Amino acid sequence: MSEKDKKPSVGKTETANFKNKKAAPRKSEDEEIGIRIFVPPNRTVYTVGERFVKNGMRVELVYKSGKRKEIVDFVYSPKGALNLENTHIEVSCCGFTVKQEIFVDEYRGFYDDMYDFSEDPDEECVDDIYFGDPNKVFGIYVCNPPDKKTYFEGECFDPTGLQVMTYMHRGMPGDIVDDFEFSPKEPLTAEVREIEIRYGEFTDCVVITVIPRDCGD
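Conventions used here
Residue positions are counted from 1 within each chain, in the order its sequence is given. In keeping with the predicted nature of the model, local features appear solely for residues at pLDDT of at least 70, side-chain atom pairs appear and are counted solely at 80 or more, and the whole-chain, interface and lining totals rest on all residues. Side-chain metrics rest on all non-hydrogen atoms present in the structure, leaving aside hydrogens and water. Put simply, DSSP marks the helices as runs of H or I at least four residues long and the strands as runs of E at least two long, and each gets a number from the N terminus on. Between buried and exposed lies partly exposed: a residue is buried under 20% and exposed over 50% of the maximum accessible area for its type, with that area taken using a 1.4 Å probe on protein chains only. Should any heavy atoms of two residues lie within 4.5 Å, those residues are counted as being in contact. Computed with the Shrake-Rupley method and a 1.4 Å probe, the accessible areas treat only the protein chains shown as cover for residues. The term salt bridge refers to a pairing of a side-chain nitrogen on Lys or Arg with a carboxyl oxygen on Asp or Glu at a separation within 4 Å. Strand pairing is defined by DSSP finding a minimum of two bridges between the two strands. What counts as an axis is a line fitted to C-alpha atoms, over the stretch in contact for a helix, and the angles between N-to-C directions run from 0 to 180 degrees. Lining residues are those with an atom within 4 Å of a point, where the points come from a 1 Å grid over the protein atoms alone and group into cavities, where a 1.4 Å probe fits but cannot get out, or pockets, open sets with protein on both sides within 12 Å along at least five of seven lines. Grid points are joined across faces, edges and corners, and a volume is the space filled by probe spheres set on the points. Residues were grouped as follows: Ala, Val, Leu, Ile, Met, Phe, Trp, Tyr, Cys and Pro as nonpolar; Asp, Glu, Lys and Arg as charged; and all remaining residues, including Gly, as polar. The term polar contact refers here to a pair of N or O atoms within 3.5 Å; inside protein, the definition further demands a hydrogen-donor-capable atom paired with an acceptor-capable atom, and it admits residues adjacent in sequence only when both atoms are side-chain atoms.

**Some details on the overall build of the protein**
Reasoning step 1: Along the backbone of the protein there are 4 helices and 16 strands.
Reasoning step 2: Within the protein, buried positions represent 33% of all 217 residues.
Reasoning step 3: Residue pairs at least 24 apart in sequence account for 50% of intrachain contacts in the protein once pairs closer than 6 positions are excluded.
Reasoning step 4: A total of about 14,400 Å² of accessible surface is found on the protein, and carbon and sulfur atoms cover 50% of it.

So, in structure tokens, the structure goes:
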């Protein structure tokens, strides 16, 4: 029988190849899919030249299954002196990176707040913020997170331990306030990831974890 007359054993060849192929690895439910800052740092407001302080910041590794594990061996950048272009800190671990927003403003002295020397020095340009209201609040930030940051679905947020501080002109720290509001106040659902903190017209947030009831049974 010539080579041309031979019938190719297609089925057998495919079967043999299939048996020799390695099955594609299945993705584990415990596959790492990212990291998350679940408690922000104590301080997020800086002036030019200061360095970021990570105190209070807590980071967790997130798995595909929904499981989370706190990690302490994270790194962050920049570590040097901050400038006006720095709007966030990059936090990295396990091949993932997440951003923490910060506010950096320039330092201005007493007389810099009174006069704008960029204009004609013979014309005194009054800083309306200084003369209008030297105690004007420019924003708020959470300076101490609440004692409880993990909840089961159906529980309500507990602000015990939460401290909120105002920051003033040029990012200088103001006073701790206790008449802030927060939302939501109703029982938490699994979709809630943060609590909004409001003081007057200003807001900040607290990151929390809400565990579905079926995961906690």
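**Things to note about the pattern of salt bridges**
Reasoning step 1: Per the counting criterion, the structure on display carries 7 salt bridges.
Reasoning step 2: Here Asp30 and Lys67 are joined by a salt bridge, their closest N and O atoms 3.9 Å apart. Of this pair, Asp30 sits in the loop between helix H1 (10–20) and strand S1 (32–39) while Lys67 is found in the loop between strand S3 (58–63) and strand S4 (68–71), placing the two residues 37 residues apart along the sequence.
Reasoning step 3: The partner of Arg36 in a salt bridge is Glu60, with the nearest N and O atoms 2.7 Å apart. Within this pair, whereas Arg36 is found in strand S1, its partner Glu60 is found in strand S3, the two being separated by 24 residues in sequence.

**Things to note about unusual backbone geometry**
Reasoning step 1: Residues Ser77 and Pro78 are joined by a peptide bond in cis, for which omega reads 0 degrees.
Reasoning step 2: Looking at the element boundaries, Pro78 is found in the loop between strand S5 (75–77) and strand S6 (88–93).
Reasoning step 3: Along the chain, Ser183 connects to Pro184 via a cis peptide bond; the corresponding omega equals 5 degrees.
Reasoning step 4: Structurally, Pro184 can be placed in the loop between strand S13 (181–183) and strand S14 (194–199).
Reasoning step 5: Phi at Cys94 is positive, roughly 60 degrees, even though this residue is not glycine.
Reasoning step 6: On the secondary structure map, Cys94 appears in the loop between S6 and strand S7 (96–101).

**What to know about the pairing of S7**
Reasoning step 1: Judged from the 6 bridges that link them, S6 and S7 form a sheet pairing that is antiparallel. Pairing of Glu90 across the sheet is with Lys99, part of S7.
Reasoning step 2: Joining the antiparallel neighbours S6 and S7 is a turn of 2 residues, in which Cys94 adopts a positive phi near 60 degrees.

**With respect to the sheet that holds S4**
Reasoning step 1: The antiparallel open sheet is built from 3 strands, whose spatial order is S1-S3-S4. Each having just a single partner strand, S1 and S4 make up the two edges of the open sheet. Each adjacent strand pair in this sheet contributes to an overall mean axis angle of 30 degrees, direction not counted.
Reasoning step 2: As judged from the 4 bridges shared by S3 and S4, these two strands associate in the antiparallel manner. Across the sheet, the residue bridging to Val59 is Ile71, located in S4.

**Focus on the layout of surface pockets**
Reasoning step 1: If you add up the space inside the largest pocket, you get close to 440 Å³.
Reasoning step 2: Every residue lining the largest pocket is counted, 22 residues in all, and those nearest its centre are Thr44, Gln100, Glu101, Ile102 and Asp204.
Reasoning step 3: For the lining of the largest pocket, the secondary structure elements donating two or more residues are S7, strand S9 (139–144) and strand S15 (202–207).
Reasoning step 4: For the lining of the largest pocket, the element with the most residues is S15, which contributes 5 residues.
Reasoning step 5: When its residues are assigned to classes, the lining of the largest pocket shows 13 nonpolar, 5 polar and 4 charged.

**Some remarks on the environment of Cys143**
Reasoning step 1: Within the secondary structure layout, Cys143 lies in strand S9.
Reasoning step 2: Overall, Cys143 belongs to the buried group, its relative accessible area being 15%.
Reasoning step 3: Along the primary structure Cys143 and Thr44 are separated by 99 residues, whereas in three dimensions their C-alpha atoms are 8.6 Å apart.
Reasoning step 4: Apart from residues lying up to four places away in sequence, Cys143 is in contact with Asn42, Gln163, Val164, Met165 and Ile176.

**Remarks on the side chain of Asn86**
Reasoning step 1: Along the chain, Asn86 falls in the loop between S5 and S6.
Reasoning step 2: At 2.7 Å, the side chain of Asn86 and the backbone nitrogen of Asn83 are in polar contact.

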